[in-house]
Amino acid sequence: MFNWLGTIANMAVGFFLAPFILHRLGDVAYGVWVLAVSVVGYLGLLDLGMQSSVLRFVSKGHTQGNHQDASDVISAALWVRLQLSALALLLSVALSAAFPFLFKIPAALASDARIAILLIGVTTAITLSVGVVAGVLSALNRYDLQNYVGLTQTAIRVIGVVTVLRTGHGIVAIAVCELVATIVGEIWLTWLARRLYPELKIRLAKPKKETLRQIWVYSSYAFLTTIAVQLVYQADNLVVGAFVSASAVTYYAIANSLCRYSNQIISSIGGTFVPAASTYEAAGDAAGLLALYRNGTRTTIMVSLPILVTLAIRGRTFVSLWMGPQYGHSSGILLIILCSSLFFAFANRTAASIAFGVEKHKTAALWAISEGIANLALSITLVHWYGIYGVALGTTIPSLVVQLFFWPRYVSKLVGLSSFDVVWKVWGPMILAGVPFAIATYAVNALLPTPSLAIFFLQVFAVLPVFFISVALIFRHYVRQRVMPRVRSLLFSRAQ
């Protein structure tokens, strides 16, 4: 619930802030900003998957009362990440110097782009180092406090960005606002972590080889997954910027941002499954893991399917009202392409979280890096033939292969459920429930005028009950046996 609150707040901010930034900066400057963030985003690879290992071993140590092991792991991770943060600063200097030569950047924006990259690099370095300690809150399932801090960071960032853009500043000032918000948030998260887990003793001495080996065995494959995620979500903007133009990045980034917002919603659910799976595994509760997979997967599909159907069918209308009619056609087509693979990626998100939680993510990581490499290669190939649509196809095709052929089979190793049961008993009913909603959404888009965003959202909310009624009908036995008795009990207690 708290993760959803934080995600909805960030989405609302992005929804209103993105067009404001775009129209204040213009297509070219906005495209340069997106490219700068995407380039420096690759410095996040220096995490080496250690954040995942902190989440795994701290949650396990806390559950089992083994505070010494948890302290050893987080101390070792911090010791390594401080050195990696210094490397990130050096690399950001190199990226700053090379940026105007790597992409088609107007000469008037080259200097600002360099400074912005340096500032984003400092922000990344702070997150790399201090973020290790801040990750303790996730390991302890304190998503309430984590999101309080996140909301504060968001408020600082929004107030700063709006102020600097209204006073005529550009991408450098935006980067400063991001840096200030990050510093405040990381200091606060670190203080909370020390208050919540006082038994955790952090040392900056050189860690034991055994501890480093334990972390690396887990983190190495998490690192491969991180690389894959960067290739999938960041490489597209870079390919468009390198082979098309900076202004074309804006059109792609609009569609990609909507997909990213959808991903944030599902991540806010799936992220809680990693420590939950770790706890079940530590307690030897196989039935709990199976229930986590079934219920978690159905929940993520129930949340994501209406969003993806709306974006695919009504994306052109939405983008035209949100960013401007000049962006509607191109970004709408991109949304249709990208959403086709996102559904299956979201359907497998619970399985991926469980794999990380029980340390069975090695094979998944190898498939993920293969997908990322294929994504980059195919995008570079197809961009020459189909432009920005080719980049989207290069992302979608490898993702469909991995999500449809690998994950349903791998679930049997995680929770003992056959691929047939995954497709027909877990995915199938939820997909079937989405068919009436898709038909209703298409009819509304074709028959009813949509003069404003307010009318658009009213139409979406008016059609949404069709989906939930379909879900209730398909799972009517569950609703009758489990949900209704709880509802009656709640109403009875309130009446008393």
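Located above this text is the structure these notes cover.
Residues numbered from 1 in each chain as written. Predicted model: local features only at pLDDT ≥ 70, side-chain atom pairs only at ≥ 80, totals over all residues. Heavy atoms only, no water.

*Asks:* It is not clear to me how the overall build of the chain should be interpreted in this structure. Could you clarify?
*Replies:* Secondary structure assignment for the chain yields 20 helices and zero strands. Relative to its length of 496 residues, the chain is compact, with a C-alpha radius of gyration of 23 Å against a globular reference of 23 Å. If one aligns the C-alpha atoms of the chain with their principal axes, the spans along those axes are about 65 × 65 × 50 Å. Within the chain, the fraction of its 496 residues that count as buried is 52%. Within the chain, contacts between residues at least 6 apart in sequence are counted, and of these 85% link residues at least 24 apart. As displayed, the chain offers around 22000 Å² of accessible surface, 68% of which is attributable to carbon and sulfur atoms. Side-chain charges in the chain split into 34 positive and 16 negative, and the spacing between the mean points of these groups amounts to 7 Å. (Helix = DSSP H or I, 4+ residues; strand = E, 2+ residues; numbered from the N terminus. Rg over C-alpha atoms; globule rule 2.2 N^0.38 Å. Buried < 20%, exposed > 50% of the residue type's maximum accessible area, 1.4 Å probe, protein only. Contact = heavy atoms within 4.5 Å. Areas by Shrake-Rupley, 256 points an atom, 1.4 Å probe, with all protein chains shown as cover. Lys, Arg positive; Asp, Glu negative; His and termini not counted. Charge placed at Lys NZ, Arg CZ, Asp CG, Glu CD.)

*Asks:* What should I look at first to understand the pattern of salt bridges in this one?
*Replies:* Should the charged atoms of two oppositely charged side chains come close, the side chains can pair. The tally for this structure, following the rule as stated, stands at two salt bridges. As a salt-bridge pair, Arg157 and Glu178 come within 3.9 Å of each other at their nearest N and O atoms. Of this pair, Arg157 sits in helix H7 (residues 143-166) while Glu178 is found in helix H8 (residues 171-196), placing the two residues 21 residues apart along the sequence. For Glu178, a relative accessible area of 26% translates into the label partly exposed. (Salt bridge = Lys/Arg side-chain N within 4 Å of Asp/Glu carboxyl O.)

*Asks:* Help me out: how do you make sense of helix H11 (residues 246-270) in this one?
*Replies:* Each full turn of the α-helix corresponds to 3.6 residues, which orients residues three or four apart in the same direction. For H11, which comprises 25 residues, the first-to-last C-alpha distance of 34 Å matches the rise-based estimate of 36 Å (1.5 Å per residue) to within 8%. In the structure, H11 departs most strongly from a straight axis at Ala253, where the bend amounts to approximately 30°. Counted residue by residue, H11 has 20 buried out of 25 residues, so it is predominantly covered. (Expected span 1.5 Å × (residues − 1). Bend = angle between axes of the 7 residues up to and from the residue.)

*Asks:* Honestly, the packing of helix H12 (residues 273-282) against helix H15 (residues 349-357) in this entry has me stumped. Any pointers?
*Replies:* A pair of packed helices is captured by two measures, namely the crossing angle of their axes and the spacing between those axes. Orientation of H12 relative to H15, taken along the N-to-C sense of each, is 50°, at an axis distance of 7 Å. One way to sum up the angle between H12 and H15 is to call them oblique. Relative to H15, the crossing made by H12 is right-handed. Where H12 abuts H15, its residues Phe273, Val274, Ala277 and Ser278 lie against Thr350, Ser353, Ile354, Phe356 and Gly357. By residue class, the composition of the contact of H12 with H15 is five nonpolar, four polar and no charged. (Axes fitted to C-alpha atoms, helices over the stretch in contact; angles between N-to-C directions. Parallel < 35°, antiparallel > 145°, perpendicular 65-115°, else oblique. Left-handed = near helix turned anticlockwise from the far one by under 90°. Nonpolar A, V, L, I, M, F, W, Y, C, P; charged D, E, K, R; others polar.)

*Asks:* Explain the side chain of Ser353 here, please?
*Replies:* Its place among the elements puts Ser353 in helix H15. Accessibility expressed as a relative area gives 6% for Ser353, which makes it buried. Residues in contact with Ser353, not counting those within four places in the same chain, are Gly270, Phe273 and Val274.

*Asks:* What exactly am I supposed to notice about helix H16 (residues 362-386) here?
*Replies:* Here H16 is 25 residues long and its end C-alpha atoms lie 35 Å apart, about the 36 Å a rise of 1.5 Å per residue gives. Residue Ile380 marks the point of greatest curvature in H16, where the axis turns by about 25°. Directly after H16, the chain includes Gly387, whose backbone phi takes a positive value near 65°.

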